[in-house]
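A closer look at the structure
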Amino acid sequence: MPSLRRTSTSFAVALAAASAALSSASPARADAPTVAHPHAYGIIVGSNAAGAGQQPLRYAEDDAERVAGVLRDLGRFGTSDLRVLTHPDVAKILATVDELVPKLKEHADRGEQATFFFYYSGHAKASALTLGDGELPLALLRERLRQVPSTLTLVVLDACQSGAFARTKGAEPAADFSFNSVARLTTKGIAVMASSTGQELSQESDALKSSYFTHHLVVALRGAGDQDGDGKVSLDEAYRYAYRRTLAATARTRVGTQHATLETDLSGQGDVPVTYPADAGARLELPGALDARVIVQHRPSGSVVAELVKAPGPPLRLALPQGAYDAIVRARGQILACSLTLTDGQVTAIELGTCQIAAANGVPKGFDDDAPETAPADVPSGAPRADGLRELDRWAIEGGLGFVGRSDDAYNARVRDFGYTRRPDLVELPSARLSLAVTRTLAPHLSIVVQGQSLAGDSFARDVGTTTDTLTYKGWGVGAYLRAHADVVPRLLQVYAQGGGGASFAFTWLATQDERGPYTAKDTQWGYLLGLAGGLIVAPEARFGGFLQASYDRAPAMRNLLGDAHDVGGFGASLGLRVRLGEVP
Amino acid sequence: MKLLRSPWLLRLAVVVAGVACMAPGCNGDVLSDSTFRLWCGDVLCDWRLDAGHVKRVPTWHPDDYGVELGDAPTQISQETGEGSDCMEFSAIADVAAESQTSVEVDFDLDGVADYHVPIAQTGWRPAKALIYGPLYAKRLRFIVRKDGPGRSVLAEIRLQRVTTCTGSRVQTTGLGVGAACDADQECGSGICCGVGSGKVCSACCKDQGRGCATGQTCAYADVPAAEANRTLLPQLCDPGLGRGKKGEPCVDAADCASHACTGVTYARPSDCPEAGALDCFPDRVRAGHCE
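Heads up: these notes are all about the structure in this document. (Residues numbered from 1 in each chain as written. Chains lettered and ligands numbered in written order. Predicted model: local features only at pLDDT ≥ 70, side-chain atom pairs only at ≥ 80, totals over all residues. Heavy atoms only, no water.)

1. Comments concerning the environment of A:Gly527
Residues and elements named next belong to chain A. Here Gly 527 lies in strand S27 (residues 517–538). Overall, Gly 527 belongs to the buried group, its relative accessible area being 9%. With 28 residues separating them in the primary sequence, Gly 527 and Ala 555 have C-alpha atoms 6.6 Å apart. Here Gly 527 is in contact with Gly 502, Ala 503, Ser 504, Pro 556 and Ala 557, once residues within four sequence places are set aside. (Helix = DSSP H or I, 4+ residues; strand = E, 2+ residues; numbered from the N terminus. Buried < 20%, exposed > 50% of the residue type's maximum accessible area, 1.4 Å probe, protein only. Contact = heavy atoms within 4.5 Å.)

In structure tokens form, the structure reads like this:
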């Protein structure tokens, strides 16, 4: 196993340095001397399989391959040192761990440094990793990892539980493996990085064809996370980069933000380099002066290999396999498309002067058009946040057309007493109903709706000798509603119920005449509006969707001089179009 | 509230409707301005204020007006030639019982109400009643009067010709010679002479051989030529012979022994365009009395 005996800096640097700097929650960087690379073993697990009640994931197994690839390319892991398990069962994982234990024990017996890297991407439940029909209890995994006789154990969990259509990853908010189980996993020389806190969900991105967290972790390991420009990406650097980018990306999703977590018990350890982008044969350089957001796509496959924000400062180099790439650069309101060919042994810089201005519709899917230009907040000190922001920027516009029934009450009876009859006399149709609403998602299942709508109207006439008087009225309302919604078919059909209130207005026209001649008296009255509604939303996640709604409104806006009130509300139904604004995942 | 003049299209529609139906007779309406909306200063244009005062007030809507009858007594009336013996009376009003508001109809225009019905309705609830008047009831005076304190507001008073009436006709009594009549008992003389709607209370009735003393001749009253062609004439005993005693009916001085006949009136509608016009038929001469 020659790859186990590489001789350059590695995790063992930190172990050998026995620095106390990493004993805190925010590990500090140490300028440790270069020492021999320790023996390194890894188990990389990816499973798209879903358990009962879960949606299959799309990219967990691909993510495992990507992590394995970056570790092979830049982590100084030998090919045979990494075991990549895609779609494994529980027994396979445990057996693979068991296979490594004797080898690591041999290194320990000889006093050699040895590291163990465990990565998992897939579904999870509160107490277990979900592997299709099988489950790997966390307690059992913890026990096995504790028994691994490595000098340093690095665990990365992009764990997921059943989600909705977005294939939400992550466990039940109260107990995912990462945060709450840190104490259980804590042992000497262990670090656990997780994709989210114990109260948050983890997500995949169709645009990135990856989970948000793993994508940004891999980009960090390819060099984007190398903040100090020393050619290495440390555990702390990788975590900080993945934290920021995952937080920024998921803040605009419907499910909500993800705060990656890192818990360490590396007392006596130094800085922990994970990858060495400087070793890479082909590198892409983003110039130091560049202030832009950049997407780098592997041209043959179309996959997004990096999506990052470049702030003015030192040049940023990404270690990538040689080949053809396209870079989409958004800077100062311009979107540029750049064709690149990376070659081993060379650093290829993006030259904006050679790029072409891309049309807006040429921007590849997933380009973060609404993302802030500035980098997101840095990693908070101390323990990662567990409260979790919810998405606050989900807007949609809904326009509907339908009908609303008329109320027959004392007001109408009075009108009839005074000789009026409803027009037309033969066909009595309900009033047309128009509505326009703006909705904003407050929480995954809760939205606020501000809606303007037409309400009931009617027209009466009476013969007065030689002339005819006509009375016409029409109601309108505006209100705010709270809407609770739930998925019936993820991404396709959503059911909702809403209730709220506001103001209603009634516009009245009385066409009559007196000794001066005919005239029309116009009157405007208002009152309260209370409304309940329920319905279905089709394609709630798409840019364009539809909705079907049934409603009841109470809106006694009209009153006559005799004290009779008229409700311009009533039962109604409408059919409409829904347009989502902002980013559509 | 904002008052807006109607657009010209609405005005045109009203004009067209007005051309098609210029009179209250349209749609069976007997009265004009049944909703009290046409005001000439402080009084109603189409109604005569006989006593008291009236005021324009809103009803259910700020721009749908009615009339409030003021202090007692207040009386408004309207004479019309569009009447019928079978009519439906309807009212939308807010009237306190103590106001003693009532509706009256003077069918023979003798200044005495022949039909009387009180109105005591609150809350603007509509009320209807059939008026089965005498056969000759084409020209009549419709009267609304208030005799007591309390609120009395009328939103609409409507009188419409209808085709079917049941029960007994309104009975008039003590009618003078010359008054239109249906039956003998309506007349003070006890003789209602004529055919169909042309019957007139008379002192005698030559076709029936009734009413004159022996030796007297029953004949139509002798009126000036200008009145003769358009007037339903009563029949008198020995008209024009100067034999009438004091108190006996007469239409001319020549009918009386004293050569003095007083109280003769010709009932001619005020809106007759000209004497003898068909629209004004039938007019009547009311007999006076010999001095």
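2. Regarding the sheet that holds strand S17 (residues 323–331) of chain A
Residues and elements named next belong to chain A. The sheet built from 5 strands is open, its strands ordered S15-S14-S17-S18-S20 with antiparallel pairing. Each edge of the open sheet is held by one strand with a lone partner, namely strand S15 (304–310) and strand S20 (356–357). Examined bridge by bridge, strand S18 (residues 334–342) and S20 share 2 bridges and lie antiparallel to one another. Residue pairing across strands places Leu 336 opposite Ile 357, the latter belonging to S20. (Pairing = 2+ DSSP bridges.)

3. A few points about helix H3 (residues 90–109) of chain A
Residue and element names in this part refer to chain A. The end-to-end C-alpha distance of H3 is 29 Å, a good match for the 28 Å that 20 residues give at a rise of 1.5 Å each. Turning to H3, its buried residues are Val 90, Ile 93, Leu 94, Thr 96, Val 97, Leu 100, Leu 104 and His 107. Note on H3: the residue one or two positions beyond its end, Gly 111, has a positive phi of about 75 degrees. (Expected span 1.5 Å × (residues − 1).)

4. As for the packing of helix H7 (residues 212–224) of chain A against helix H8 (residues 235–250) of chain A
Residue and element names in this part refer to chain A. In contact at an axis separation of 8 Å, H7 and H8 are set at 140 degrees when each is read in the N-to-C sense. Here H8 runs oblique to H7, going by the angle between their axes. Handedness of the crossing formed by H7 with H8: right-handed. Contact residues: Tyr 212, Phe 213, His 216, Leu 217, Val 219, Ala 220, Leu 221 and Ala 224 in H7; Ala 238, Tyr 241, Ala 242, Arg 245, Thr 246, Ala 249 and Thr 250 in H8. When its residues are assigned to classes, the contact of H7 with H8 shows 11 nonpolar, 3 polar and 1 charged. (Axes fitted to C-alpha atoms, helices over the stretch in contact; angles between N-to-C directions. Parallel < 35°, antiparallel > 145°, perpendicular 65-115°, else oblique. Left-handed = near helix turned anticlockwise from the far one by under 90°. Nonpolar A, V, L, I, M, F, W, Y, C, P; charged D, E, K, R; others polar.)

5. Regarding the pairing of S18(A)
Residues and elements named next belong to chain A. The sheet contact formed by S17 and S18 spans 9 bridges and is antiparallel. Paired with Ala 324 across the two strands is Thr 341, which belongs to S18. In textbook terms, the turn of a hairpin is the stretch between consecutive antiparallel strands, and for S17 and S18 this stretch comprises 2 residues, one of which, Arg 332, has a positive phi near 50 degrees.

6. Focus on a nonpolar patch on the surface
Where nonpolar side chains cluster on the molecular surface, the patch consists of A:Val488, A:Val489, A:Leu492, A:Val495, A:Leu536, A:Val538, A:Leu548 and A:Leu575 and spans about 640 Å² of accessible area. You can see A:Val488 is positioned in strand S25 (residues 467–489). (Patch = residues over 30% accessible without salt bridge, like charges linked within 9 Å, V, L, I, M, F, W, Y side chains within 5 Å. Areas by Shrake-Rupley, 256 points an atom, 1.4 Å probe, with all protein chains shown as cover. Salt bridge = Lys/Arg side-chain N within 4 Å of Asp/Glu carboxyl O.)

Any functional reading would require information beyond the geometric quantities listed.
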